[in-house]
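The residues making up each chain are set out below.
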Amino acid sequence: MFHKTPGLAVVVVAFLILGVGGCVAKSDYLRKQAEADVLNRDLAALTAQNSDFKAQIEKLTAATEGLIADKDRLIVDTERLEKERTDRDARLNRITEETSRTIEELRNRNIELEGDKQMLAESISLLKKTKEVEVRTVSKTYEDLLSEMKSEIAQGQIAITELKGKLTVDVVDKILFDSGQTEIRPEGLGVLKRVVEILMTVTDKVIRVEGHTDSIPIGGALAKRYPTNWELSAARALNVTRFLEKEGIDPTLLSAVAFGEHQPIAENDTPEGRARNRRIAIILLPKE
């Protein structure tokens, strides 16, 4: 058929070639389009992965920064703890040294105390012996006074007591003084001389002379000379003290005290009680 119409054949062939070429071009386009779609999908996936990677990098960066901050804090805490440990060790060493010194001081003090204890025991023993001698001396004086003054004691004019090393001779005022007077009566001088004979043997005691009165106020003309019982009791105590010194008692052992009506030994609401309160007390006391 082609041989009969050569021009038509050429046209047909050209058309066929164009048709085939068009089909080929379309096929390539579709293939390229499919490849492009695949590439776009891959690009989208890679973009998503890249975003994930960026987020992970940011998290890792934040975590790294946190770890760095933790590291810095740990370094600071470690330095602080090290300083605290150093300070604690220094305090411990100081306390240990102080404790050792204290223990040594206590040991030395204990040795001293043992020595003091021994000395104290010896002093107590010596004091006991001295007190025993003093008691025996006072007791001898007490017995001598009782024997010497038994007549006056029996008449209630003198009272002699002894308590814990303190010996007291209470002499009622009517033996020593006339009413309202401070000069010692002759009979009183005789009584005091007998007391002095015994007191002369006592050298390790002090002798205190006390003046006492009743509670009746000084009145009349006597009040001009002795305004109160203080003055009256003081004058009587001083006169007795001077007499004891005159008779040979060491004045360094003597003292005079006035109490007036303020240390009664009986009630002042009866004549008998007031008579007992009007007295001179001669007291023997251990030397201080």
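Residues numbered from 1 in each chain as written. Predicted model: local features only at pLDDT ≥ 70, side-chain atom pairs only at ≥ 80, totals over all residues. Heavy atoms only, no water.

**Q** What am I meant to see in the overall build of the chain here?
**A** The secondary structure content of the chain amounts to seven helices and five strands. Listed by position from the N terminus, the elements making up the chain come as α-α-β-β-α-α-β-α-α-β-α-β. Split into buried and exposed, the 288 residues of the chain put 24% on the buried side. Pairs at least 24 apart in sequence give 67% of the contacts found in the chain among residues at least 6 apart. In the form shown here, the chain has an accessible surface area of approximately 20,100 Å², with 60% of it arising from carbon and sulfur atoms. (Helix = DSSP H or I, 4+ residues; strand = E, 2+ residues; numbered from the N terminus. Buried < 20%, exposed > 50% of the residue type's maximum accessible area, 1.4 Å probe, protein only. Contact = heavy atoms within 4.5 Å. Areas by Shrake-Rupley, 256 points an atom, 1.4 Å probe, with all protein chains shown as cover.)

**Q** I'm lost on the environment of Glu152 in this one. Help?
**A** Mapped onto the secondary structure, Glu152 falls in helix H2 (residues 150–154). On the basis of relative accessible area, Glu152 is assigned to the buried category, the value being 8%. Spatially, the C-alpha atom of Glu152 lies 9.2 Å from that of Val171, the residues being 19 residues apart in sequence. Apart from residues no more than four positions distant in its own chain, Glu152 is found in contact with Gln157, Ile158, Val191 and Arg194.

**Q** What should I look at first to understand unusual backbone geometry in this one?
**A** Leave glycine aside and you will find that most residues have negative phi; peptide bonds, for their part, are mostly trans. Within the chain, Lys164 stands out as a residue other than glycine whose phi angle is a positive 50 degrees. Residue placement: Lys164 occurs in the loop between strand E1 (158–163) and strand E2 (166–172). Overall, Lys164 belongs to the exposed group, its relative accessible area being 83%.

**Q** Help me understand the pattern of salt bridges in this model?
**A** Pairing of side chains with opposite charge becomes possible as their charged atoms draw close. In this structure the tally under the stated criterion is 22 salt bridges. For Arg278, the salt bridge identified is with Asp173, shortest N-O distance 3.5 Å. With Arg278 in the loop between helix H7 (271–277) and strand E5 (279–286) and Asp173 in helix H3 (residues 173–176), the pair connects residues that are 105 residues apart, well separated along the chain. Exposure remark for Arg278: the relative accessible area of 26% places this residue in the partly exposed category. A residue is classified by how much of its surface remains accessible, and Asp173, at 10% relative accessible area, is buried. Each of Asp173, Asp214, Arg236 and Arg278 takes part in a single network of salt bridges with overlapping partners. (Salt bridge = Lys/Arg side-chain N within 4 Å of Asp/Glu carboxyl O.)

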